[in-house]
Amino acid sequence: MPYTDKQICIPPELPELLKQFTKAAIRTQPPDLLQWASDYFSAVARGDLPPVRERSERVPLSNWAELTPELLKVLHQRVSGRLIIHVDELAHMWKVLNLPTDLFESVMNVGHFTEEIEWLKFLALACSSLGVTIAKTLKIICEVLSSDYDSGPPRIPFSTFQFLYTYIAEVDGEISASHVSRMLNYIEQEVIGPDGLIKVNDFTQNPRVRLE
């Protein structure tokens, strides 16, 4: 082997990068470390959030393959505010989080989604698999979409709530369009404040709001 006196330059950011990668791997415990490492560094290179489980999720190891509101929130963060996402990209995100494939396929079938998926509709149907009632489903959706971590109950724009409630009711097929319209009109006129936001308590603890 030829000798060279050329020094190897170690990028100054490499130690910190490897440190963060190691911490993320320990926290996430991916079933396929090599694939996860590829996804991790690809996300870092793109400037996206890497597929790391946040400590605030507090998801037990035994539940990592089960859908939870916390994992749906992680998935929502990965979508990064996009309204439309390609099925292959979403399926990959789903796989990275080690979520059940049969549930993904079920949501795809119920929503009649093709290659281009309306994210909020997909999210609504995924949440419905956790909620026994429409009110419970909408509560979970609010918790997933809300960015108010420490400033009170989860809340989202009323326009978003209106869109999601209407869509879920249509898919359910047992709630009349007139009932949905009455409830939305009441909420908009009597409940929603100047900020245009709806809180979970506005539709779960108000006796005049009956979503079903």
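Since the structure is predicted, the reported quantities are computational estimates derived from the model, not experimental observations.

What counts as what
- Residues numbered from 1 in each chain as written.
- Predicted model: local features only at pLDDT ≥ 70, side-chain atom pairs only at ≥ 80, totals over all residues.
- Heavy atoms only, no water.
- Core = buried A, V, L, I, M, F, W, Y, C linked by side-chain atoms within 4.5 Å.
- Buried < 20%, exposed > 50% of the residue type's maximum accessible area, 1.4 Å probe, protein only.
- Helix = DSSP H or I, 4+ residues; strand = E, 2+ residues; numbered from the N terminus.
- Contact = heavy atoms within 4.5 Å.
- Phe/Tyr/Trp six-rings, centres within 6.5 Å; stacked < 30°, edge-to-face > 60°.
- 1 Å grid on protein atoms, 1.4 Å probe; cavity = no way out; pocket = protein on both sides within 12 Å on 5 of 7 lines; lining within 4 Å.
- Points joined across faces, edges and corners; volume = space filled by probe spheres on them.
- Nonpolar A, V, L, I, M, F, W, Y, C, P; charged D, E, K, R; others polar.
- Salt bridge = Lys/Arg side-chain N within 4 Å of Asp/Glu carboxyl O.
- Patch = residues over 30% accessible without salt bridge, like charges linked within 9 Å, V, L, I, M, F, W, Y side chains within 5 Å.
- Areas by Shrake-Rupley, 256 points an atom, 1.4 Å probe, with all protein chains shown as cover.
- Axes fitted to C-alpha atoms, helices over the stretch in contact; angles between N-to-C directions.
- Parallel < 35°, antiparallel > 145°, perpendicular 65-115°, else oblique.
- Left-handed = near helix turned anticlockwise from the far one by under 90°.

Engineer: Residues and numbers for the nonpolar core, please.
Structural biologist: Grouped together as the largest cluster of nonpolar side chains are 55 residues, with contacts concentrated most on Trp119, Phe122, Leu138, Phe161, Tyr165 and Ile187. Where this core is concerned, the elements lending two or more residues are α3 (69–79), α4 (87–96), α5 (101–111), α6 (119–128), α7 (134–145), α8 (158–172), α9 (177–191) and α10 (200–204). By residue number, the principal contributor to this core is α6, which donates eight residues. Filtering out sequence-adjacent residues up to four positions away, Trp119 remains in contact with Leu75, His76, Val79, Arg82, Leu83, Ile85 and Leu90.

Engineer: With reference to specific residues and values, describe the packing of aromatic side chains.
Structural biologist: Going through the model one piece at a time under the given rule, you end up with 13 aromatic pairs. Both rings, one in Phe104 and one in Phe122, keep their centres 5.5 Å apart while their planes meet at 50°; by these two values the pair is tilted. With a gap of 18 residues between them, Phe104 in helix α5 and Phe122 in helix α6 connect regions that are remote in the sequence. Residue Phe104 is classed as buried on the basis of its relative accessible area of 9%. For Phe122, a relative accessible area of 0% puts it in the buried group. Plain terms: the ring middles of Phe158 and Phe161 are 6.4 Å apart, the flat faces sit at 25° to each other, and that makes the pair stacked.

Engineer: Break down the layout of surface pockets for me, citing the residues and quoting the values.
Structural biologist: In this structure, the second largest pocket encloses a volume near 330 Å³. Around the second largest pocket sit 17 residues that line it, and Ala43, Arg46, Arg78, His92 and Met93 are the ones nearest its centre. Across the lining of the second largest pocket, the residue classes break down as seven nonpolar, four polar and six charged.

Engineer: Break down the side chain of His179 for me, citing the residues and quoting the values.
Structural biologist: For His179, the location among the structural elements is in helix α9. Ignoring any residue separated from it by four or fewer positions in sequence, one finds His179 in contact with Tyr165, Arg210, Leu211 and Glu212.

Engineer: Describe the pattern of salt bridges, naming the residues involved and giving the relevant values.
Structural biologist: Applying the stated rule across the entire model yields five salt bridges. Of the charged contacts in the structure, one is a salt bridge between Glu143 and Lys139, with a shortest N-O distance of 2.5 Å. Taken together, the residues Glu143 and Lys139, both in helix α7 and four residues apart, mark about one turn of the helix. One salt bridge in this structure joins Asp195 and Arg155, with 4.0 Å as the shortest N-O distance. Taken together, the residues Asp195 in the loop between α9 and β4 (197–199) and Arg155 in strand β3 (residues 155–157) connect sequence positions 40 residues apart.

Engineer: Give me the lowdown on the environment of Asn98, citing residues and values where you can.
Structural biologist: Within the secondary structure, Asn98 is located in the loop between α4 and α5. Looking at Asn98, the relative accessible area reads 31%, which means it is partly exposed.

Engineer: Before we move on, can you summarise a nonpolar patch on the surface with the specific residues and values?
Structural biologist: A cluster of nonpolar residues, Ile8, Ile10, Leu14, Leu17, Leu18, Phe41 and Val44, forms a patch on the protein surface that exposes about 620 Å² of accessible area. Those elements that place two or more of their residues in the nonpolar patch are α1 (14–28) and α2 (33–46). Tallying contributions element by element places α1 first for the nonpolar patch, with three residues. The class for Leu17 is partly exposed, based on a relative accessible area of 31%.

Engineer: Help me get a handle on the packing of α3 against α4, residues and values and all.
Structural biologist: Two numbers describe how α3 lies on α4: the axes approach to 11 Å, and their chain directions differ by 140°. Between α3 and α4, the angle is such that the two are oblique. Where α3 crosses over α4, the handedness of that crossing is right-handed. Across the interface between the two elements, Leu75, Arg78 and Val79 from α3 touch Leu90, Met93 and Trp94 from α4. In terms of residue class, the contact of α3 with α4 is built from five nonpolar, no polar and one charged.

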